[in-house]
Amino acid sequence: YSMFEVLFFAGVLSSQCINGLQYPFVSKRFERNYYGVQQQRPNYKKLPTLLRAVNKGEEGTGQIFVRLMLAQFTLYLGVGAVIPSLPLFAGAIGLSSKLSGIVIAAPAGAMLIAARSAGAFADQGRKPAMLFGMALIAIADAWTAFSTALIGLLCARFALGFGRSISESGERGMLADLANQAPELRGRGLSIQQAISAIGLTIGAPVGGLAVEMYGIRAAFLCVTFAAIGTLLIYATLPETLPSKNIKDKKNSNDQKKIVSWRKLWNDPAWRALCAAEAGARATYAAKVSIVPVLSARLFDNSPTAAGLVLSAAAISGFVGAPIGGICTDSIGPRATAAFCGFLSGLSLILIPFTLLDSQYSRYAFVTAIAMWSAFVSAQGPALTSLGQMKAQIGAESTSLALPRAAGDAAFLITPFLLGAVTDAHIGPQGSECAVAGFLLVVGALSLLATPAKNYHSHCSSKFIPVVENRNC
């Protein structure tokens, strides 16, 4: 298919997801739940679309969601610009391959350390966490751009990890607040976020490659700095989605630590399976950052632009896969969707060593395998997030959702060293590192099916539609 046909097909799927968010009457079951709310609350006005606020004078859910997605798009433009250059930056300032792996893994280490505290902070208020975290991200990326020594570079990368942990905890909490207003459409709403990030990466990766070729390797980090500043300005316009009463109650209460315990969540087999699946997915993203750009450079004559185009192809396929994943999440359930898409995504990476055996068609086969991985892992994303939101403890969504995220950060921290060891040991053919990451994803996906379905019973954290008690709540 041509690039135009792929983008057109993805646009049609995304428009269907957006139409689903605008018109909530997508099933008879949802209609019964919706009218049940109206019968219980006479002042609950008819909602022609979710873009209209529930109460007069309030901002509509869709209006908040659109601005949040605009902020995400702005941020991922910068992220896309820096990904192709990240493995090359440490080498450009004279660091060895092992030290380069440490630099790449440093943000994940900081995110792992801060995950629990950042989640608790975001449960006190979504917007303050998002603003503070994004400001720290902008400072850390600028610091990275001007770092010339290992110590300064590591400090900057750790600061980036702390900022991401705080900001993303607030974002996850805000998305959970918005998704709870239309639980029947949770998967499609989350798929839009996944598609938006894919679009940003698609545009940002080749732009970052061109910026590096024109202005040097540090230009990529300045691109993400400006993107973070733009995201911060958009975040400043968002309202607080956590009800003020809840914020006041949490500040005046000492029961928060008793309500949420990661140890208690970990004792639930469903949370353990979700952590395994998230860790497998993040392991493949670590391979994308540390291995795929290197393989791309070898295949395309050491061109940063070509490496950026390979990642853009992956992002485009992710743009196609995300809406499909959202629709499947709402239709057949998040557990089946996450397991099936995770298995196929891992299988795509396992096939990469075989795509590099034939020198004549290796470029096409390699790009195809990367695109398949991106499509299926993007489809898995909304399903995993939906599972986490369904299981999240009431009033502590950010803290609960931080647990699988911490498992993913741990995997992202460890995987580059594991893949580096595979490279140094010369185990298997070229691209075996990707096969190892794909195997981890397959194991994580199958763990979801190994856990009995009864363990995925929802806590139903919705504060806005209290009568919806179905599996999608």
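The shown structure was predicted, so the numbers you read here are calculated from the model rather than taken from an experiment.

Student: Teacher, can you tell me more about the nonpolar core here?
Tutor: Across soluble globular proteins, you tend to see nonpolar side chains buried next to one another. Ranked by size, the top nonpolar core spans 25 residues in total, and within it Val 292, Leu 349, Ile 352, Phe 366, Ile 370 and Cys 434 carry the most contacts. Secondary-structure elements contributing two or more residues to this core are α8 (186-215), α13 (269-290), α14 (292-299), α15 (304-332), α18 (362-391) and α20 (432-450). If one sorts the elements of this core by residue count, α18 sits on top with 5 residues. Leaving out residues up to four positions away in the same chain, Val 292 has contacts with Ala 287, Val 310, Leu 311, Phe 366, Ile 370 and Cys 434. Met 69, Ala 138, Leu 175 and Tyr 235 belong to the second-largest nonpolar core, a separate cluster that totals 22 residues.

Student: Looking at this structure, how should I read a nonpolar patch on the surface?
Tutor: On the surface, Phe 343, Leu 347, Leu 351, Phe 354, Leu 357, Leu 446 and Leu 449 cluster together to form a nonpolar patch covering roughly 670 Å² of accessible area. For the nonpolar patch, the secondary structure elements donating two or more residues are α16 (334-350) and α20. Residue placement: Phe 354 occurs in helix α17 (residues 352-355). Looking at Phe 354, the relative accessible area reads 56%, which means it is exposed.

Student: Honestly, the packing of α13 against α20 in this entry has me stumped. Any pointers?
Tutor: Helix-helix packing is characterised by the crossing angle of the two axes and by the distance between the axes. At their nearest, the axes of α13 and α20 sit 7 Å apart, and the two run at 160° to each other. Viewed along their axes, α13 and α20 adopt a mutual orientation that is roughly antiparallel. Of the two elements, α13 crosses α20, and the hand of that crossing is left-handed. Seen from α13, the contacting residues are Ala 273, Leu 274, Ala 276, Ala 277, Gly 280, Ala 281, Ala 283, Thr 284 and Ala 287; seen from α20, they are Ala 437, Gly 438, Leu 440, Leu 441, Gly 444, Ser 447 and Leu 448. For the contact of α13 with α20, a count of residues per class yields 11 nonpolar, 5 polar and no charged.

Rules behind the numbers
Residues numbered from 1 in each chain as written. Predicted model: local features only at pLDDT ≥ 70, side-chain atom pairs only at ≥ 80, totals over all residues. Heavy atoms only, no water. Core = buried A, V, L, I, M, F, W, Y, C linked by side-chain atoms within 4.5 Å. Buried < 20%, exposed > 50% of the residue type's maximum accessible area, 1.4 Å probe, protein only. Helix = DSSP H or I, 4+ residues; strand = E, 2+ residues; numbered from the N terminus. Contact = heavy atoms within 4.5 Å. Patch = residues over 30% accessible without salt bridge, like charges linked within 9 Å, V, L, I, M, F, W, Y side chains within 5 Å. Areas by Shrake-Rupley, 256 points an atom, 1.4 Å probe, with all protein chains shown as cover. Salt bridge = Lys/Arg side-chain N within 4 Å of Asp/Glu carboxyl O. Axes fitted to C-alpha atoms, helices over the stretch in contact; angles between N-to-C directions. Parallel < 35°, antiparallel > 145°, perpendicular 65-115°, else oblique. Left-handed = near helix turned anticlockwise from the far one by under 90°. Nonpolar A, V, L, I, M, F, W, Y, C, P; charged D, E, K, R; others polar.

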